[in-house]
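Structural features, examined
What follows is the residue order along each chain.
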Amino acid sequence: MLGVCVGSYGDGSRKFGTEFMGARTSSFADFLTSYAPELLPGQRPREARPGGGATVSVPHRTGQPALELEHGTTIVAAKFADGVVLAGDRRATMGSMISKRDVEKVFRSDEFSAVGISGVWSTSVDMVRLFQVELEHYEKMEGRPLSLAGKANRLATLIRGNLGAAMQGLVVVPVFAGYDEDEGTGRIFSYDVAGGPSEERQFYSIGSGSIFARGSLKKLYTSGMARHEAILACVQALYDAADEDSATGGPDLPRQLFPIVTTVTADGFSRVTTEDAAEFARTVVEGRMTAPDGPTAPLG
């Protein structure tokens, strides 16, 4: 992304262009809007006019069949005593087909936050990359990081900027989670397709399997859970989602593919190791051998 602001010396080395050095905004997205809007997620590609000159947006042609694009689901988030867990399955689909079995849908956005994505894969990844640069750019320009709520609002702006593309089927709906250093707690923010952020108090899920994952978390979640309990509950929820939703992938033991699990606490962002994620997944799978529908919640 920073390549739009970089020029070259004669010897092949690189420098920041004058457009970047003259920017007076702490928002990298705003800078791109004025300098290279076609590089923003969801913008239509540009093509050269005949005979050279300025570029123009490629118009949308009505009547064309929709492209089969890769989609990613499902993401779950849950608060625990020391922070928040954000986890996702590994499957991407293209129509009714499984296009990839090992995609990553949960990303570090900065030291104290993470974002999980569902929707059109390529557009989602572009938005996450821009969001990462946006947070880093703000901190460099202002000399301090955004508050967690400020980060959630910045992500909302990016989602809102993708609304035109979403209306044509390029939908991106993330979930944002992090540790609020001011409040000393983990927080979860959900969004609609227009970018409106809402804070979720305990847990949340997005994607095609979200309704099943959320039902599972309703059954398993308790306030003040320990880290390992919250992780296990999230992996159980992803398993339940995969059990009911064909677009969500469960633990793939033969291929050694397990959910991506991350936590954010006062110590910062951390990704659960593959070995530990495998152990959680095996615990869930072994339990389902005797109880296929998973653990039940006590009544009363």
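Structure: see above.
The sections below set out a description of the structure shown in this document. Model, not experiment: these values are computed from the prediction. (Residues numbered from 1 in each chain as written. Predicted model: local features only at pLDDT ≥ 70, side-chain atom pairs only at ≥ 80, totals over all residues. Heavy atoms only, no water.)

Core analysis: the largest hydrophobic core is formed by 27 residues, its most contacted members being Val76, Val85, Ile231 and Val261. Going through the elements one at a time, strand S6 (75-80), strand S7 (83-88), helix H6 (210-220), helix H7 (227-244) and helix H8 (274-290) are the ones with two or more residues in this core. Considering every element that reaches this core, the biggest residue donor is H7, with eight residues. (Core = buried A, V, L, I, M, F, W, Y, C linked by side-chain atoms within 4.5 Å. Buried < 20%, exposed > 50% of the residue type's maximum accessible area, 1.4 Å probe, protein only. Helix = DSSP H or I, 4+ residues; strand = E, 2+ residues; numbered from the N terminus.)

Positive phi outside glycine occurs at Gln256, with the angle close to 60 degrees. Under the relative-accessibility criterion, Gln256 is labelled partly exposed at 43%.

Our focus in this paragraph is H8. With 17 residues, H8 should reach 24 Å at 1.5 Å per residue; the first-to-last C-alpha distance of 25 Å fits that figure. Of the residues making up H8, those classed as buried are Ala277, Ala278, Phe280, Ala281, Val284, Val285 and Arg288. The arc that holds every buried residue of H8, seen down its axis, measures 165 degrees, which confines them to one face. Opposite the buried face of H8, by more than 90 degrees, sit the exposed residues Glu275, Glu286, Met289 and Thr290. For H8, the elements touching its buried residues are H7. (Expected span 1.5 Å × (residues − 1). Arc of directions from axis to C-beta. Contact = heavy atoms within 4.5 Å.)

Take the packing of aromatic side chains next. Counted by the stated rule, this structure contains three aromatic pairs. Consider the rings of Phe131 and Phe176, whose centres lie 5.7 Å apart with planes at 85 degrees: the pair is edge-to-face. Taken together, the residues span a long stretch of sequence, with Phe131 in helix H3 (residues 121-142) and Phe176 in strand S13 (residues 175-180) at a distance of 45 residues. The same class applies to Phe131 and to Phe176, which are both buried. (Phe/Tyr/Trp six-rings, centres within 6.5 Å; stacked < 30°, edge-to-face > 60°.)

Take the sheet that holds S13 next. Taken together, five strands build an open sheet; the order of strands is S10-S11-S13-S14-S15 and the sheet is antiparallel. Of all strands in the sheet, those with a lone pairing partner are strand S10 (106-110) and strand S15 (197-200), marking the two edges. On average, each strand axis in the sheet is tilted by 25 degrees relative to the strand beside it, whichever way the strands run. Strand direction decides the pairing type here: strand S11 (residues 113-116) and S13, joined by four bridges, are antiparallel. Counterpart to Val115 in the pairing with S13 is Phe176. Across the sheet, H3 is in contact with S10, S11 and S13; its angle to S10 comes to roughly 20 degrees. Contacts between helix H4 (residues 148-161) and the sheet are confined to S10, S11, S13, strand S14 (185-191) and S15, with S14 contributing the most and set at about 15 degrees to the helix. (Pairing = 2+ DSSP bridges. Axes fitted to C-alpha atoms, helices over the stretch in contact; angles between N-to-C directions.)

Glancing now at the side chain of Thr93. Turning to its location among the elements, Thr93 is positioned in strand S8 (residues 92-94). The buried category is assigned to Thr93, whose relative accessible area is 10%. Ignoring anything within four residues of it in the chain, the contact list for Thr93 reads Leu69, Glu70, His71, Ile98, Ser99 and Ala247.

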